[in-house]
Amino acid sequence: MTAGSDSVLELLPMVFAAPNEARVRAEGVLDTDPPPLHASVAHQVIGIWQRDFGDTRLALTHLRRARALAARAESADREADVLATLGVALVHTGRTRQGLAAFERGVARGTGHTRARVLYRRAYVWWVLGHHRQALEDVRRAIPVLRQAGDVIWTARALTLRATVHLALGAVERADADFTAAEALWDTTGQEHDKADAVESRGLAAFRSGDIPAALRLLDEAEERYAKLGTPTFMLSIRRCEVLMAAGLAPEALAEADAAIAALDRIGGQSTRKAELLLAAARAARLADDPQTAVARAAVAVRLFAGQRRTWWETHARLVLTEARHAAGRSSGRLVADAAAVAGKLASFGAPAAPEASLLAGRIALDLGWTADAERHLAVAARSRHSGPPLARMTGWAAQALRAQAAGSARGVLEACRRGLDVLDDHRTTLGASELRARATAQGAELAALAQRASLVSGGPRRLLVWSERWRATVLTAPPARPPADPALLSGMTAFREIAARAEEARREGRPVPVLEREQRRLEREIRSRTLHMRGEAPGGGDRFDPARLLERLGDEVRLVELVVLDGRVQVLLCGQGRVRRFTAGLLAEAEREAEYVQAGLRRLAHPGAQARLPVVEAAGRRLEELLLGPAAAHLGSGPVVVVPPGRLHRVPWALLPSLRERVVSVSPSASSWLRARETAPPPDVRPVLVRGPGLATGGAEVPELADRYGTPTVLEGAEARVPRVLQELDGAPLAHIAAHGVFRADSPLFSSLRMADGPLIVHDFERLARSPYRIILSCCDTARFASVGADELLGLVTALLPLGTAGVVACSAPVNDAAVVPLMLALHKGIGAGLSLAEALRDARAALPGDAVHQATGWAFSAFGAA
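Here's what I pulled together on the structure shown here. Keep in mind that this is a model prediction, so the values were computed, not measured.

1. Points about the overall build of the protein chain
Argument step 1. When helices and strands are counted, the protein chain shows 39 helices and 16 strands.
Argument step 2. Here the protein chain has a C-alpha radius of gyration of 31 Å; the compact-globule value for 868 residues is 29 Å, and the two agree.
Argument step 3. Per-residue burial for the protein chain yields a buried fraction of 58% across its 868 residues.
Argument step 4. Residue pairs in contact within the protein chain that sit at least 24 positions apart in sequence constitute 70% of those at least 6 positions apart.

2. Thoughts on the sheet that holds strand β9 (residues 742-743)
Argument step 1. Strand order in the open sheet formed by 3 strands is β9-β10-β11, with antiparallel pairing between adjacent strands. On the outer flanks of this sheet lie β9 and β11 (759-762), each paired with one strand and no other.
Argument step 2. Across 4 bridges, the pairing between strand β10 (residues 753-756) and β11 is antiparallel. Bridge pairing in β11 places Met 756 opposite Gly 759.
Argument step 3. Where helix α27 (residues 487-508) meets the sheet, its contacts fall on β10 and β11, and the angle it forms with β11 comes to roughly 130°.
Argument step 4. Each of β10 and β11 touches helix α34 (residues 723-730); the most contacted strand, β11, lies at about 30° to it.

3. Focus on the nonpolar core
Argument step 1. Trp 127, Leu 161, Ile 212, Leu 346, Cys 417 and Leu 436 are the most contacted members of the largest nonpolar core, which has 137 residues in total.
Argument step 2. Element by element, the count of residues in this core is highest for helix α8 (residues 112-129), at 11 residues.
Argument step 3. In terms of nonpolar packing, the next biggest core, distinct from the first, is built from 92 residues, Leu 797, Val 798, Ala 853 and Phe 862 among them.

4. Observations concerning the side chain of Glu 562
Argument step 1. For Glu 562, the location among the structural elements is in strand β1 (residues 559-566).
Argument step 2. Judged by relative accessible area, which is 0%, Glu 562 ranks as buried.
Argument step 3. Reaching out from Glu 562, the side chain makes a polar contact with the side chain of Ser 468 at a distance of 2.6 Å.
Argument step 4. Not counting residues within four places of it along the chain, the set of residues in contact with Glu 562 comprises Leu 465, Ser 468, Glu 469, Arg 472, Gln 571, Val 572, Leu 573, Val 644 and Ala 671.

5. Points about helix α5 (residues 56-72)
Argument step 1. Over its 17 residues, α5 extends 24 Å from the first C-alpha to the last, a length consistent with the 24 Å expected when each residue adds 1.5 Å.
Argument step 2. Within α5, the full set of buried residues consists of Thr 56, Ala 59, Leu 60, His 62, Leu 63, Ala 66, Leu 69 and Ala 70.
Argument step 3. By the N-cap criterion, in which a side-chain oxygen at the helix start approaches the backbone nitrogen of a residue two or three places on, α5 is capped by Asp 55, the distance to Arg 57 being 2.8 Å.
Argument step 4. Two residues or fewer after α5 comes Glu 74, characterised by a positive phi angle close to 55°.

6. Details of the pattern of salt bridges
Argument step 1. With the rule as written, the count across this model stands at 58 salt bridges.
Argument step 2. Among the salt bridges present, the one from Arg 470 reaches Asp 425, with a minimum N-O distance of 2.9 Å. In this pair, Arg 470 is assigned in helix α26 (residues 460-471) and Asp 425 in helix α23 (residues 410-428), connecting sequence segments 45 residues apart. Comparing Arg 470 with Asp 425, the two get one shared label, buried.
Argument step 3. Between Arg 745 and Glu 524 there is a salt bridge, with its nearest N and O atoms 2.9 Å apart.

7. What about the pairing of strand β6 (residues 689-692)?
Argument step 1. What you see with β6 is no split at all: Val 689 and Val 691 on one side and Leu 690 and Arg 692 on the other are buried throughout.
Argument step 2. Bridge count between β6 and strand β7 (residues 714-717): 4 bridges; the pairing is parallel. Among the inter-strand pairings, Arg 692 is bridged to a residue of β7, identified as Glu 717.
Argument step 3. Crossover connection from β6 via helix α33 (residues 702-710) to parallel β7: handedness right-handed.
Argument step 4. Here β6 pairs with strand β8 (residues 735-739) via 4 bridges, running parallel.

About the thresholds
- Residues numbered from 1 in each chain as written.
- Predicted model: local features only at pLDDT ≥ 70, side-chain atom pairs only at ≥ 80, totals over all residues.
- Heavy atoms only, no water.
- Helix = DSSP H or I, 4+ residues; strand = E, 2+ residues; numbered from the N terminus.
- Rg over C-alpha atoms; globule rule 2.2 N^0.38 Å.
- Buried < 20%, exposed > 50% of the residue type's maximum accessible area, 1.4 Å probe, protein only.
- Contact = heavy atoms within 4.5 Å.
- Pairing = 2+ DSSP bridges.
- Axes fitted to C-alpha atoms, helices over the stretch in contact; angles between N-to-C directions.
- Core = buried A, V, L, I, M, F, W, Y, C linked by side-chain atoms within 4.5 Å.
- Polar contact = N/O pair within 3.5 Å; in protein donor to acceptor, adjacent residues only side chain to side chain.
- Expected span 1.5 Å × (residues − 1).
- Salt bridge = Lys/Arg side-chain N within 4 Å of Asp/Glu carboxyl O.
- Right-handed = clockwise from strand over helix to strand, strands pointing away.

All we've got here are geometric facts, nothing functional implied.
Put into structure tokens, the structure is as follows:
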């Protein structure tokens, strides 16, 4: 490697093409007692590697040695180049003044092409420090010289940097043009690390333009590229945290940021990156409703940024710190002043977050009753409602709604909320994954609550119903995007199923399974990652909820009870007989506690010998009725009842409530969902599909009897009850009955499953159906359990089926006695065979059960969903 200067100088571009190989070869150069010029290059290469991927203290040692050797070699350009590298390292270690001084000397020493490279790196440092205008000026001076010299690599780097600065200033179109030009140049080089960085940058651009699925896909691709090079990915983690937060996955963003901070500390990495990761962690903690953690992380980030002289970043950290303090319950004039000062600084920087800070100042001022101050700040924030990415426009509409509320204009509140939620609707429809759609709704929770309060005060119960439906179960309005032809996703799901089945078998045999469980978790992450990449359909209008249509469908006999929670109290909207009435019931928190108490009672009653608990559970049912229905219970009439509960009450066994116990009762996530189910036509085929999974205590004893009763059904059991075959038969079936062990995954609800012969049938599998069964009966535990996410959304087996064409589901919200399920299911199918709906057949099946506690609890645990 010491044969000539050219071969040694090749190590510098190699450090970004094959970093680890470049470091090893540079160490080899130093072992040969090279001349000062060659030794300077080798030390610089090792210093760059340590700066970016290792210990910054070692980086400074090597780079100072490289500079001294360059001076001995009497090469001004060599010394200028090392000074630029040293300047970057000093800034990343928090020694901002020394770093900028190194750049001053580097710019003075360098000439022509070398000086342009120094200017590029100083532009990078200006970007790190948040001085965007200086960054643009230096990179503007560097690019023409680099182009004229035919320096493809450094020209591409400069274009990428300029694009990144444009993104920080909100100029997405300019950034996109520079990223495109840079990528065309990278395609002509072998700079694999720079290519990975370009993919990462495109992911950032996709995120800034509002395309979250593309951002996640590109960041995952960049991570794969970095992994092949064996290099850490701290900047990538920061960017992925941003995207995860925008996607409503704040707890995951917090976990990723904290893990990256720990990894950075282990290697003694860049303090600038640590500060940025702390800021990401603070933002994530605030969005995850953990204000104390947010305050702690943000306070450290503020101190680090201040010490690094990074005012732009420090101001953003102060914004998060102020938001977190407000979320922790603090409201004071000092906090208003802090938010206003942050807003002013952000505006002077041209930062897109400025409206968010103005909104915060206005919100705190309103808390204090300072209406004039609030109006001033909110008016500034409201300017962002007409332009920019979706979440920025929503910030503007939230500010406008608060302005109208302060002015006493209910009409203005509702108009601003409508416009803001329309923006969110358009944003959500670009998301293909049901999980992302559900979690994205949290970003409109404040607008929805403002609209509902305004409706309660001035609009009457019918308007409150409209706004409740505007925000309820929005994910179920359209099926998720499905990529059945994605071979990587399909092979991943097959591998996951095999590993999960092997792990389950090992657990039953008492064998250790940590290796299998690790592989299962890896495959789950891979499947979830690929589903999050899916894009939704283009934004479009959809049917708006029409109360008149609902009341027409309900007629005079059916009552629909929609429960709305406002300021912690349950409001009951009773729909039927051509009108909507409102009643006030109890506190949501008390109802949630009572529902958990009932669930515990049902679990006890699933086992023989718990007869004494039956009166206790029944008494809890009476308390639940008082809390959830209140005076509305006396106005239900004598006909069927449809219950539309909020997401946090999804585990209530509605048949246990005294006024509903002898009725035909069905449950629906929304009135709109019930209407769609009611208007869904059954398929022409009448042959049912019966599925019996392995390992049931009763062996799925109802299935053989049902097979005899139906004559020629499709029966899948034993080796035939494998996921691909089951999905094939379920697609478009008129009626499906699945007897299989159910597992609800609170940690990852879309991996909730039914156990088949070849492993778990998960929610992601159901989402691949072209049309799910018209009616489906899940005669197993926990199939009606959901995860409540976003604003008021539910993720689980039942909610995966409803948007795919299923009009009715019978499922269970608690563990039940397997033996007691058999007579319930046989009685249920008897009613279905007689032409009854699922809700009617379930009511009659409960009445036909023996009167002991086990059978009664089993009947209460099952609910009918939908309208078929």
